[in-house]
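Observations on the three-dimensional arrangement
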Protein chains: 2
Amino acid sequence: MPTKSAAPKPKNDGSYWREFDRNKPSHSMAHYLMAIDHLRSELGYARSTDVAEMLEISRGAASMALSQLKKRGWVGEDPHRFLLLTEEGKRIATLVEENFSILARFFEQVLGVDRDMAMADACKMEHLMSMDTGRRLMALMRCLLSDTALAEKVREQMRNHQGASL
Amino acid sequence: MPTKSAAPKPKNDGSYWREFDRNKPSHSMAHYLMAIDHLRSELGYARSTDVAEMLEISRGAASMALSQLKKRGWVGEDPHRFLLLTEEGKRIATLVEENFSILARFFEQVLGVDRDMAMADACKMEHLMSMDTGRRLMALMRCLLSDTALAEKVREQMRNHQGASL
DNA sequence: GGCTTCCGTTAATGCGGCTGAACAACACTT
DNA sequence: AAGTGTTGTTCAGCCGCATTAACGGAAGCC
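On a predicted model such as this, the values are computed, not experimentally measured, just so you know.

Following the sequence through the fold, His27 of chain B ends up in helix α2 (residues 27–42). Beyond its immediate chain neighbours, meaning those up to four positions away, His27 of chain B contacts Trp17 and Phe20 of chain A together with Cys123, Lys124, Glu126 and His127 of chain B.

Going through the model one piece at a time under the given rule, you end up with six aromatic pairs over all chains. Residues Phe20 of chain A and Phe20 of chain B carry aromatic rings whose centres are separated by 6.2 Å and whose planes lie at 15° to one another, so their mutual orientation is stacked. Note that Phe20 of chain A is positioned in helix α1 (residues 19–22) and Phe20 of chain B in helix α1 (residues 19–22), a pairing that runs across two chains. Both residues of the pair, Phe20 of chain A and Phe20 of chain B, count as buried. Aromatic side chains Phe106 of chain B and Phe107 of chain B sit 5.9 Å apart centroid to centroid with 50° between the ring planes, which places their arrangement in the tilted category. A relative accessible area of 1% means that Phe106 of chain B is categorised as buried.

All names here are of chain A. Per the domain assignment, the segments of chain A are domain 1 (23–85) and domain 2 (94–165). With centres defined by C-alpha atoms, the gap from domain 1 to domain 2 works out at 29 Å. Between domain 1 and domain 2, the contact holds nine residues from the first and seven residues from the second. Together domain 1 and domain 2 conceal approximately 630 Å² of surface at their shared face, both sides included; 57% is due to carbon and sulfur atoms. When the buried area of domain 1 at its contact with domain 2 is split by residue, Asn23, His27 and Met34 rank highest and sum to 60% of it. Residue composition of the side of domain 1 that touches domain 2, by class: three nonpolar, five polar and one charged.

Contact with chain B, which involves 68 residues of that partner, is made by 68 residues of chain A. At the boundary of chain B with chain A, total buried surface from both sides reaches about 6500 Å², with 67% on carbon and sulfur atoms. Summed over the three residues of chain B that lose the most area to chain A, namely Tyr16, Trp17 and Arg136 of chain B, the buried surface amounts to 12% of that side. Run the count over chain B and chain A and you get zero salt bridges. Here chain B is connected to chain A by 17 residue pairs in polar contact (both at pLDDT 80 or more). If you list the elements that add at least two residues to the side of chain B that touches chain A, you get α2, α3 (48–55), α5 (87–110), α6 (115–125), α7 (131–144) and α8 (149–165) of chain B. Counting residues per element, the side of chain B that touches chain A draws most heavily on α7 of chain B, at ten residues. In terms of residue class, the side of chain B that touches chain A is built from 35 nonpolar, 16 polar and 17 charged.

Parameters at a glance
- Residues numbered from 1 in each chain as written.
- Chains lettered and ligands numbered in written order.
- Predicted model: local features only at pLDDT ≥ 70, side-chain atom pairs only at ≥ 80, totals over all residues.
- Heavy atoms only, no water.
- Helix = DSSP H or I, 4+ residues; strand = E, 2+ residues; numbered from the N terminus.
- Contact = heavy atoms within 4.5 Å.
- Phe/Tyr/Trp six-rings, centres within 6.5 Å; stacked < 30°, edge-to-face > 60°.
- Buried < 20%, exposed > 50% of the residue type's maximum accessible area, 1.4 Å probe, protein only.
- Domains from an automatic or database assignment.
- Buried area = accessible area lost by both parts, 1.4 Å probe.
- Nonpolar A, V, L, I, M, F, W, Y, C, P; charged D, E, K, R; others polar.
- Salt bridge = Lys/Arg side-chain N within 4 Å of Asp/Glu carboxyl O.
- Polar contact = N/O pair within 3.5 Å; in protein donor to acceptor, adjacent residues only side chain to side chain.

Rendered as structure tokens:
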């Protein structure tokens, strides 16, 4: 039976696996911010209840989460006491929205993933992809979706590859 | 001031944003399974303490998490009471490991992301990418990393794109 | 044998994120 | 003015995932 003294220590394999938890913003936080963004551009205002309804959570949960977001300086209130994104909040919301858009389009249009799955996968990963990675993925897509012979060749090769591997 | 009767309902925007929480396995669960997998192939066995040490968490946390994994039928014990992955557990661990490998290589070798960031991003997303998306991404990489003139052209175009967008 | 070390589990606690229920404040209707 | 409905907040509770502390058992050493 192995004891501490006998066993070779495999220590420190990756150890950034915990960065997942420390990720700012969290998945739910990101969606609160995006909800406010959407509501303000669609309705012209955003209240706690509207956010709760859009995200399909209870008003209590929205109230508590939003007070956290205010503490962090990502959300404020306008003179009419409607919810408002701060500069920082807007920056985060925009980044996550762009990440979602890039990922969803990449999965669907480049990889040929079913639309629903593409959206679901993108939604799960949107807040986790770093800005740099997102930018570079954008560049690859501009390349692969362009109307050039090169891009068309890649897309054709992809279709063959997929036919073979599925 | 808007009330419920006056406000147009924006309801049901996406609503699969919650799939994130329901994701099986969770990020930490996936890493428990992979730790057992690595330990068994490196040391020949895996105990609760080894897992805790590898993941740099307390023994208590490992103990409780592993009992959950046993309840779910993903982890068992061999005759010597060492930890063992069940068929299902092995399947999940392998899938997540493959997803990590694919994502990390895609970010680093195709997108040209810095190695550390590529690993960190991949580690955060590994358990969230569906198998289908992973397979297709694999196919794209086989295409883009192949030793053909076509692949070389894409890589060159990527380098130009990145130079312009950074 | 007895002592120490290591192993695994349990208990109390904390944080994030949700629910449901209760409640005060306010608005709208009549 | 009285009654109804909406809003926002707070509270108790649950779950996931971690912590530290304490404890019982087994392995190894003298």
